[in-house]
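Spelled out, the chains give:
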Amino acid sequence: MKKISLKVAVCLLAGSFLFSSCFVGKYGLWNKYINWQNHMTSSKFVNAIVGFILVPIVGGICQLVDILVLNTIEFWSGSNPVHANIGKTQNVIGEDGRVYAVTTLKDGYDVKSPTGEMTYFRHHAENDSWTMEQNGVTTELFRYNKDGKTIQANINGQTKNLTLDEAGVYQARMMANDGTFFAMN
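Each chain carries its own residue numbering, running from 1 in the written order of its sequence. In keeping with the model being predicted, local features are shown solely for residues with a pLDDT of at least 70 and side-chain atom pairs are shown and tallied solely at 80 or more, while totals for entire chains, interfaces and linings include all residues. The side-chain quantities take in all heavy atoms of the structure and omit both hydrogens and water.

Caption draft 1: Region of the structure containing the overall build of the protein. Helix numbering and strand numbering both begin at the N terminus, where a helix is a DSSP run of H or I of at least 4 residues and a strand a DSSP run of E of at least 2. Counting secondary structure elements, the protein contains five helices and eight strands. For the protein, the sequential pattern of α-helices and β-strands runs α-α-α-α-β-β-β-β-β-β-β-β-α. For the protein, the proportion of its 185 residues judged to be buried stands at 29%. Taking all contacts inside the protein whose residues are at least 6 apart in sequence as the whole, residues at least 24 apart take part in 27%. For every accessible area listed, the method is Shrake-Rupley and the probe measures 1.4 Å; residues are considered covered only by the protein chains on display. Accessible surface, the protein as shown: approximately 12400 Å² in total, 60% of it carbon and sulfur. Relative accessible area decides the class of each residue, using a 1.4 Å probe on protein chains only: under 20% of the type maximum gives buried, over 50% gives exposed, and in between gives partly exposed. Here, two residues are considered to be in contact whenever any of their heavy atoms come within 4.5 Å of each other.

Okay, structure coming up:
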């Protein structure tokens, strides 16, 4: 019988944990969010630009909730509890570790912080825009322009018209990251 090196044994053990069904799960919340983001409009460029605005916040919360809560429930109960019903309130753990109550509405979302502060995200069909209201201050996040080729986005306090193509995606990325990119290993 041949000897198995320690590195091989560690890799096999790590692989058995990483690829087990209780850890992987279905990632129902993350998949619903990504599906919504990819299909919210018929333009892949609008979807990408909005993604750069929302993914750092919403995506991180969705993944964390999936990994820590929903996949565990799915493992023990056999079903994933993610159902986006209008009027339904779900508790979501934020990046800060606190629990937020998120209520799904027909035209957006109400988010209640643990301290009781409310944040409202609304879609306005009359001008095809999304706004965020917090502490009585309403900020427009983005709006679809009538030409069908651009959106007006508010990224980090800057309002700019972005084209619905690769150049617009690049501009949104640069605005969201203050013009810098970091390589990660």
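Caption draft 2: Layout of the packing of aromatic side chains. Only Phe, Tyr and Trp rings take part, Trp by its six-membered ring, and two of them pair if their centres are within 6.5 Å. Stacked means planes under 30 degrees apart, edge-to-face means over 60, and tilted covers everything else. Here the structure, examined in full by the defined rule, presents three aromatic pairs. Ring geometry for Trp30 against Tyr33: centres 6.2 Å apart, planes inclined by 45°, an arrangement best described as tilted. With Trp30 and Tyr33 both in helix H3 (residues 28-39) and three residues apart, this pair spans about one turn of that helix. Residue class for Trp30 comes out partly exposed when judged on its relative accessible area of 22%. Centre to centre, the rings of Phe142 and Tyr144 are 5.6 Å apart; their planes meet at 85°, and the pair counts as edge-to-face. When its relative accessible area of 18% is taken as the criterion, Tyr144 is described as buried. A network of ring pairs unites the aromatic residues Trp30, Tyr33 and Trp36 as a single cluster.

Caption draft 3: Main features of the layout of surface pockets. As a volume, the largest pocket reaches approximately 1600 Å³. Here a cavity means grid points, on a 1 Å grid over the protein atoms only, where a 1.4 Å probe fits yet cannot get out; a pocket means an open set of points with protein on both sides within 12 Å along at least five of seven lines; lining residues are those with an atom within 4 Å of a point. Forming the walls of the largest pocket are 50 residues, and the residues nearest its centre are Leu54, Val58, Tyr109, Val111 and Phe121. Top element by residues in the lining of the largest pocket is helix H4 (residues 44-77). It accounts for nine residues. Here the term charged refers only to Asp, Glu, Lys and Arg, the term nonpolar to Ala, Val, Leu, Ile, Met, Phe, Trp, Tyr, Cys and Pro, and the term polar to all other amino acids, Gly among them. Classifying every residue of the lining of the largest pocket gives 30 nonpolar, 13 polar and seven charged. Grid points are joined across faces, edges and corners, and a volume is the space filled by probe spheres set on the points.

Caption draft 4: Examining the nonpolar core more closely. Core analysis: the largest hydrophobic core is formed by 23 residues, its most contacted members being Val46, Ile49, Phe142, Ile151, Ala153, Ile155 and Leu162. Those elements that provide at least two residues to this core are H3, H4, strand S6 (137-144), strand S7 (150-155) and helix H5 (166-176). Considering each element in turn, this core owes the most residues, eight residues, to H4. Sequence-distant contacts of Val46, that is, excluding residues within four places in its chain, are made with Met40, Thr41, Tyr144, Ile151 and Leu164. The criterion is simple. A nonpolar core is a set of buried Ala, Val, Leu, Ile, Met, Phe, Trp, Tyr and Cys residues joined through side-chain atoms within 4.5 Å.

Caption draft 5: Here's a closer look at the sheet that holds strand S2 (residues 99-105). Paired strands, as defined in this entry, are two strands with at least two bridges between them according to DSSP. Spatially, S1-S2-S3-S4-S5-S6-S7-S8 is the arrangement adopted by the eight strands of the open sheet, whose pairing is antiparallel. Here the strands that pair on one side only, and so sit at the sheet edges, are strand S1 (89-93) and strand S8 (158-163). In this sheet, adjacent strand axes meet at a mean angle of 20° when their direction is disregarded. With six bridges connecting them, strand S5 (residues 129-134) and S6 associate as antiparallel partners. What sits directly across from Thr131, in S6, is Glu140. All axes here are fitted lines through C-alpha atoms, helices being fitted over the stretch that makes contact, and every angle between N-to-C directions spans 0 to 180 degrees. Along the sheet face, H5 touches S7 and S8 and points at about 160° away from the line of S8.

Caption draft 6: Local environment of the pattern of salt bridges. We define a salt bridge as a contact between a side-chain nitrogen of Lys or Arg and a carboxyl oxygen of Asp or Glu at a distance within 4 Å. With the rule as written, the count across this model stands at four salt bridges. A salt bridge links Asp107 to Arg122; the shortest N-O distance between them is 3.9 Å. Placement of the pair is Asp107 in the loop between S2 and strand S3 (108-112) and Arg122 in strand S4 (residues 118-124), with a sequence separation of 15 residues. Judged by relative accessible area, which is 18%, Arg122 ranks as buried. The residue Asp110 makes a salt bridge to Arg122 at a minimum N-O spacing of 2.6 Å. Residue Asp110 is found in strand S3, and its partner Arg122 is found in strand S4; the two are separated by twelve residues along the sequence. Residue Asp110 shares its accessibility class with Arg122, and that shared class is buried. One salt-bridge network, held together by shared partners, links Asp107, Asp110 and Arg122.

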